[in-house]
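Chain residues, written in single-letter form:
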Amino acid sequence: MKAETSDDDMGGMSPQKFAASALFERTFEEGMGLVEECARYLDGRGRDESRALPRKSALIYAGESMRVTTRLMQAASWLLIQRAVQESDMTAADAASERYRLGAREICLGRREGGIDDMPVKLVDLLERSESLYRRIARFDDILFRSDTRAEPGVQTHMAILQAAFGKDE
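Within any chain, residue numbers begin from 1 and follow the written order of that chain's sequence. Reporting in this predicted model follows two pLDDT cut-offs: at least 70 for local features of residues, and 80 or more for side-chain atom pairs to be given and counted; totals over whole chains, interfaces and linings ignore these cut-offs and use all residues. Each side-chain value is derived from all of the structure's non-hydrogen atoms; neither hydrogens nor water enter the calculation.

Remark: nonpolar core denotes a set of buried residues (Ala, Val, Leu, Ile, Met, Phe, Trp, Tyr, Cys) joined through side-chain atoms within 4.5 Å. Accessible area is worked out with a 1.4 Å probe on protein chains only. A residue is then buried under 20% of its type maximum, exposed over 50%, and partly exposed in between. Phe18, Val68, Trp78, Met119 and Ile137 are the most contacted members of the largest nonpolar core, which has 35 residues in total. A helix here means a DSSP run of H or I that spans at least four residues, while a strand means a run of E at least two residues long, and both kinds are numbered starting from the N terminus. When contributions to this core are tallied by element, the ones reaching two or more residues are helix H2 (22-43), helix H4 (55-86) and helix H7 (121-145). Ile81, Ala84, Ala92 and Ala95 belong to the second largest nonpolar core, which has 6 residues in total.

The next subject is the packing of H2 against H7. H7 packs onto H2 with a crossing angle of 150 degrees between their chain directions and a minimal axis gap of 11 Å. Judged by the angle between their axes, H2 and H7 are roughly antiparallel. Once H2 is placed against H7, the crossing between them reads as left-handed. On H7, the residues that touch Leu23, Thr27, Glu30, Gly31, Leu34, Glu37, Cys38 and Tyr41 of H2 are Lys122, Leu123, Asp125, Leu126, Arg129, Ser130, Leu133, Arg136, Ile137 and Phe140. Nonpolar residues are Ala, Val, Leu, Ile, Met, Phe, Trp, Tyr, Cys and Pro. Charged residues are Asp, Glu, Lys and Arg, and all others, Gly as well, are polar. When the residues that make up the contact of H2 with H7 are grouped by side-chain class, the tally is 9 nonpolar, 3 polar and 6 charged. Axis definition: a line fitted to C-alpha atoms, limited for helices to the stretch in contact. Angles are taken between N-to-C directions and run from 0 to 180 degrees. We call two directions roughly parallel when the angle between them is under 35 degrees, roughly antiparallel when it is over 145, roughly perpendicular when it lies between 65 and 115, and oblique otherwise. Helix crossings are classified by the rotation of the near helix relative to the far one: an anticlockwise turn of less than a right angle makes the crossing left-handed, while a clockwise turn makes it right-handed. Contact definition: two residues touch when any of their heavy atoms are within 4.5 Å.

Now for the confidence of the model for the protein. Detailed reading of the predicted coordinates is not advisable wherever pLDDT is low. Predictor confidence is given residue by residue as pLDDT, running from a minimum of 0 to a maximum of 100. Put simply, the protein has an average pLDDT of 86, and 79% of its residues get 70 or more. At the low end of the mean pLDDT range in the protein sits helix H8 (residues 155-166), at 59; at the high end sits H2, at 98. When the criterion is pLDDT under 50, residues 149-153 qualifies, and its contacts beyond four places in sequence or with other chains add up to 1 contact.

As structure tokens, this is what we get:
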């Protein structure tokens, strides 16, 4: 039986428990479905729509279609690694290594080009849905595998930095 969970209550959840959860299954199905939908669009109707665009818009289309593809390939790879953990084809320790972490964050979460409003509606939809999926998986990745990284500096850390920079007024 799958454990019901949300990304809000994942703190301390092991990769094995996450991979066995209903949340993982829903995310896996959504991710793989989005990969297939995007591939069908880009190889079919999207190709035709991009040819009809003016040159500048066609360049933006090319860049954004590469971004959506990168997002989805990163997401699919991460999901497949978690599936391998679920099916005991890979250990959680192996899956936790840096080489299997979600990558290309600069590209996948980078600022969109201007002129996105001139893009085909379907491409914009795929961009938005793929970004949402990628952000969700990035949160999962952070929660499951990056918990040992340094926490964001708090107020006391910032105060210590300021005191070191400007000296103490005692």
